[in-house]
Amino acid sequence: SRAPQVIGSGVLVSLAGLRFLLTAGHVLDLRRQGQLDVGVSPELLPLTGEPMRLRSPGSSGTSGDRIDMGIVRLQGGPWDSLPLDRFLAFDRLDTEIPIVARHSYALIGFPNSMNRSAIADSRLTAMAISIAGLECPAKSYEETKTDPELNVMIGIEKNAVWTVDGQRSAPDLYGASGCGLWRYEIGRAHV
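What counts and what doesn't
- Residues numbered from 1 in each chain as written.
- Predicted model: local features only at pLDDT ≥ 70, side-chain atom pairs only at ≥ 80, totals over all residues.
- Heavy atoms only, no water.
- Helix = DSSP H or I, 4+ residues; strand = E, 2+ residues; numbered from the N terminus.
- Buried < 20%, exposed > 50% of the residue type's maximum accessible area, 1.4 Å probe, protein only.
- Contact = heavy atoms within 4.5 Å.
- Core = buried A, V, L, I, M, F, W, Y, C linked by side-chain atoms within 4.5 Å.
- Salt bridge = Lys/Arg side-chain N within 4 Å of Asp/Glu carboxyl O.
- Lys, Arg positive; Asp, Glu negative; His and termini not counted.
- Polar contact = N/O pair within 3.5 Å; in protein donor to acceptor, adjacent residues only side chain to side chain.
- pLDDT = per-residue confidence, 0-100.
- Pairing = 2+ DSSP bridges.

### Quick word on the environment of R31
In this structure, R31 sits in the loop between α1 (25-29) and β3 (37-40). For R31, a relative accessible area of 27% gives the class partly exposed. Spatially, the C-alpha atom of R31 lies 9.0 Å from that of L47, the residues being 16 residues apart in sequence. When residues no more than four places from it in sequence are discounted, the contact partners of R31 are L36, L47, G49, E50, P51 and V72.

### Some remarks on the nonpolar core
L12, V40, L47, L74 and W79 are the most contacted members of the largest nonpolar core, which has 13 residues in total. Those residues in contact with W79 that sit more than four places away from it in its chain are L12, R19, V38, V40, L45, P46, T48, L74 and F87.

### Considerations on the pattern of salt bridges
Counted by the stated rule, this structure contains four salt bridges. Note that R183 is salt-bridged to D94, the shortest N-O span being 2.7 Å. A residue pair is termed long-range when its members are at least 10 positions apart, and R183 in strand β15 (residues 180-185) and D94 in the loop between β7 (88-89) and β8 (104-109) qualify at 89 residues. You'll find R183 and D94 in the same group, each marked buried.

### Considering the side chain of E135
Among the secondary structure elements, E135 is positioned in strand β11 (residues 129-135). One buried charge, E135, has no salt-bridge partner; the nearest side chain with opposite charge is R102, at 6.0 Å. Within the structure, E135 has its side chain in polar contact with the backbone nitrogen of V100 (distance 3.5 Å). A polar contact of 2.7 Å, which involves the side chain of E135, links it to the side chain of Y141. With residues up to four places along the chain from it excluded, the contact list for E135 reads V100, A101, R102, H103, Y105, Y141, V152, M153 and I154.

### With respect to the confidence of the model for the protein
Chain-level statistics for the protein give a pLDDT mean of 80 and a share of 79% at 70 or above. Summarising per-element confidence for the protein, the mean pLDDT is lowest in strand β16 (residues 188-190) (60) and highest in helix α3 (residues 138-144) (95).

### Structural notes on the pairing of strand β2 (residues 18-24)
The element β2 is largely enclosed, with a buried count of six among its seven residues. Bridge count for strand β1 (residues 10-15) against β2 is six bridges, and the pairing is antiparallel. Residue V13 lies in a different strand from β2, and its bridge partner there is F20. Between the end of β1 and the start of β2, which pair antiparallel, lie two residues, with A16 showing a positive phi angle near 50°. Bridging between β2 and strand β6 (residues 68-73) involves five bridges; their strand directions are antiparallel. Bridge pairing links F20 to R73 in β6.

Below you can see the structure in the form of structure tokens.
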């Protein structure tokens with residue numbers, strides 16, 4: 001038996017009492033290589049259920065696709081008895097996103113490059129990175145031919161990112177896979 005490896009991150013979501021895992025589609029592709037498990041503290045639960053992929057409209061595969069979302073309806077075994085309070089309720093998701101409104105965003109994710117040695121003393125740990133920035137102006141979307149209906153572009157100063165440990169350089173981010181994104185407008189935060 002091989003030691004577990006961190007291959008991605010995701011979020012557990014419930015909708016009408018049904019349980020789902022949302023992650024990057026390419027993470028679910030790794031099921032072809034063997035059983036995947038989901039870390040639900042304090043244990044690992046086997047990923048069961050059939051995956052579904054969401055892609056950019058008109059895309060025919062992974063090449064050039066800016067959306068790579070994988071969804072699995074979790075059923076059977078421990079999933080049926082896992083309390084719903086361990087899942088994010090679907091109505092808590094921000095589905096009314098204003099387009100190019102120049103809101104502030106915070107991204108929290110688990111870069112693979114920071115989690116290559118995630119096993120220590122028989123514990124699985126995951127290192128997160130958090131980045132915040134202001135949404136780019138419409139001109140940035142136009143210059144990069146990025147569709148603001150499908151994507152959010154956040155401007156950051158790569159060499160001047162502040163973390164809890166002080167100022168540092170941010171990793172190169174060309175996209176964000178399996179992360180959480182929070183939108184902030186005056187007086188409100190949205191998941």
